[in-house]
Amino acid sequence: MSTLLSDKAISMDIPEGCDRSVDPVKDGSEISNDSGQARESAIENKSDSRLNDLFLRYFNPDKIKMVGIGSVSVIAGVLIWHYATKYNFNYFINFENVPSPGTVGSAFFVHGADSEFHTHIQVSIKRILIAYSLAVILGIVIGVMVGRSRSARAAVLPYIEVLRPIPAVAWIPLAILMWPTEESSIIYITFLGALFPIILNTVHGVEQTPKVLVRAALSLGATRLDIFWHVVLPAALPSIAAGLAIGMGVSWFSLLAGEIISGQYGIGYFTWNAYSLINYPDIIVGMLVIGGLGSLSTYLVRLAMAPSLRWKKTTH
């Protein structure tokens, strides 16, 4: 009797439609196929998201709009220049002796095949690299010292405030007297042009370090060196990056003044020599090359500093 009851209970516990036998091999293959398909779909979704990110990065509608506006602005400027020279516009500004864009473009093509013109550019780039590298090293070191130490600030800041407003052209006679060669004089003037923006922006960045972060690091047992590397320097990096970009632009401006000394090579010397020979197209060629090289070098400085400033984008 008990056996019959137990059999009946077992038969009642089994749901209807579940009496089929289980094939573990078949079920396992179905599970593995499902997981493989899920994995493939996940990989496809990941690759699609990367493609979308790349597309949005390089074909962002806002960026395309800004590029379009910039292109239209440049074209409009060239057209205004063309018609002002064509009709000899002479109202407050005299375009009578200004060469047309076509004449300047032809001069560009002529100098593009001239090895001596390439030498002018190479010499100027070399001077910028030497002077700017020295300005970056000394500017950041002096800026950090002045920003962190009251004694250093009292000792150094008067010199900075007196020397900073002096234009690069005013340094030419003294640079000739101070330095033994023309090359060292040009590098010195270019170095001064980049130095002061880097110092002042570094000082500003160091001084703007949040005091609460410094106190928090001290309460956690950080040393002065740890505070400098992990608190002060990261907080000052945005201002330092701005100073490096400004310093690069000013260094090209100072280079033009410094290369007036030189009687041999340099894009500044090329422009000044064109003015002396009353070669108007070459004057504008030299000006545009200086502007283009200055813009490119400033962009490269910002690009080099971008990895150090990624944290700033994530906090906004």
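Preceding block: the structure.
First things first, this report covers the structure right here in the doc. One numbering rule holds for all chains: residues counted from 1, following each sequence as written. pLDDT decides what is reported in this predicted model: residues at 70 or higher carry local features, side-chain atom pairs at 80 or more are listed and counted, and totals for whole chains, interfaces and linings draw on all residues regardless. For the side-chain quantities, the full set of heavy atoms in the structure was used; hydrogens and water were omitted.

1. Re a positive patch on the surface
Here the term patch refers to residues with relative accessible area over 30% and no salt bridge, with like charges joined within 9 Å and nonpolar side chains (Val, Leu, Ile, Met, Phe, Trp, Tyr) within 5 Å. We get accessible surface area from the Shrake-Rupley algorithm with a probe of 1.4 Å; when it comes to residues, only the shown protein chains can shield them. By convention in these notes, a salt bridge is any Lys or Arg side-chain nitrogen within 4 Å of a carboxyl oxygen on Asp or Glu. The positive count covers Lys and Arg only, the negative count covers Asp and Glu only, and His and the chain ends enter neither. Lys charges are placed at NZ, Arg charges at CZ, Asp charges at CG and Glu charges at CD. On the surface, Arg148, Arg150, Lys211, Arg215 and Arg224 cluster together to form a positively charged patch. Using a 1.4 Å probe on the protein chains alone, a residue whose accessible area is under 20% of its type maximum counts as buried, one over 50% counts as exposed, and one in between counts as partly exposed. The exposure class assigned to arginine 215 is exposed, which follows from its relative accessible area of 55%.

2. Considerations on the pattern of salt bridges
One pass over the structure, following the stated rule, counts four salt bridges. The partner of glutamate 207 in a salt bridge is arginine 153, and the shortest N-O contact between them spans 2.2 Å. One end of the pair, glutamate 207, is in helix α8 (residues 182-207); the other, arginine 153, is in helix α6 (residues 150-163), and 54 residues separate them in sequence. Residue class for arginine 153 comes out partly exposed when judged on its relative accessible area of 32%. Its salt-bridge partner being arginine 164, residue glutamate 161 comes within 3.2 Å of it at the nearest N-O pair. Each of Arg127, Glu183 and Glu259 takes part in salt bridges that share partners, so that together they form one network. We count a stretch as a helix when DSSP gives it H or I for four or more residues in a row; a strand needs E for two or more, and each element gets its number in order from the N terminus.

3. Considerations on the side chain of serine 124
One can find serine 124 in helix α5 (residues 115-148). Under this definition, polar contacts are N or O atom pairs within 3.5 Å; protein pairs additionally need one hydrogen-donor-capable and one acceptor-capable atom, and for neighbouring residues in sequence, both atoms have to be side-chain atoms. Of note is the side chain of serine 124, whose polar atom sits 2.7 Å from the backbone nitrogen of isoleucine 267. Residues are treated as being in contact if the distance between any of their heavy atoms lies within 4.5 Å. Those residues in contact with serine 124, other than ones at most four positions away along the chain, are Trp252, Leu255, Glu259, Gly266, Ile267 and Gly268.

4. Section: the packing of α6 against α8
Interaxial distance between α6 and α8 falls to 11 Å at its minimum, and their mutual angle equals 140°. Considering their axes alone, α6 and α8 lie oblique with respect to each other. Judged by the sense of rotation from one axis to the other, the crossing of α6 with α8 is left-handed. Contacts between α6 and α8 pair Arg153, Ile160, Glu161 and Leu163 from the former with Phe196, Ile199, Leu200, Val203 and Glu207 from the latter. Split by residue class, the contact of α6 with α8 holds six nonpolar, no polar and three charged. For helices, the fitted line uses only the C-alpha atoms of the stretch in contact; every axis is such a line through C-alpha atoms, and the angle between N-to-C directions lies from 0 to 180 degrees. Should an angle fall under 35 degrees it is taken as roughly parallel, and over 145 as roughly antiparallel, whereas 65 to 115 is taken as roughly perpendicular and any remaining angle as oblique. Whether a crossing is left-handed or right-handed is set by the direction in which the near helix is turned from the far one by less than a right angle, anticlockwise for left-handed and clockwise for right-handed. Throughout, the ten residues Ala, Val, Leu, Ile, Met, Phe, Trp, Tyr, Cys and Pro are labelled nonpolar, Asp, Glu, Lys and Arg are labelled charged, and all others, Gly among them, are labelled polar.

5. As for the nonpolar core
Soluble, globular proteins show a tendency: their nonpolar side chains are buried together. If you look at the biggest cluster of nonpolar residues, it comprises 55 residues, and the most contacted ones within it are Ile189, Trp252 and Ile267. Apart from the residues within four sequence positions on either side, isoleucine 267 is in contact with Phe117, His120, Ile121, Ser124, Trp252, Glu259, Gly286, Val289 and Ile290. Definition used in this section: a nonpolar core is a set of buried Ala, Val, Leu, Ile, Met, Phe, Trp, Tyr and Cys residues joined via side-chain atoms within 4.5 Å.

6. Points about unusual backbone geometry
A positive phi angle, near 70°, is found at phenylalanine 92, a position not held by glycine. Along the chain, the position of phenylalanine 92 falls in the loop between β1 (90-91) and β2 (93-94). Look at phenylalanine 92 and you get exposed, because its relative accessible area is 79%. The phi dihedral of isoleucine 278 is positive, around 55°, even though this residue is not glycine. Classification of isoleucine 278 by relative accessible area gives exposed; the value is 56%.

Geometry only, nothing functional implied.
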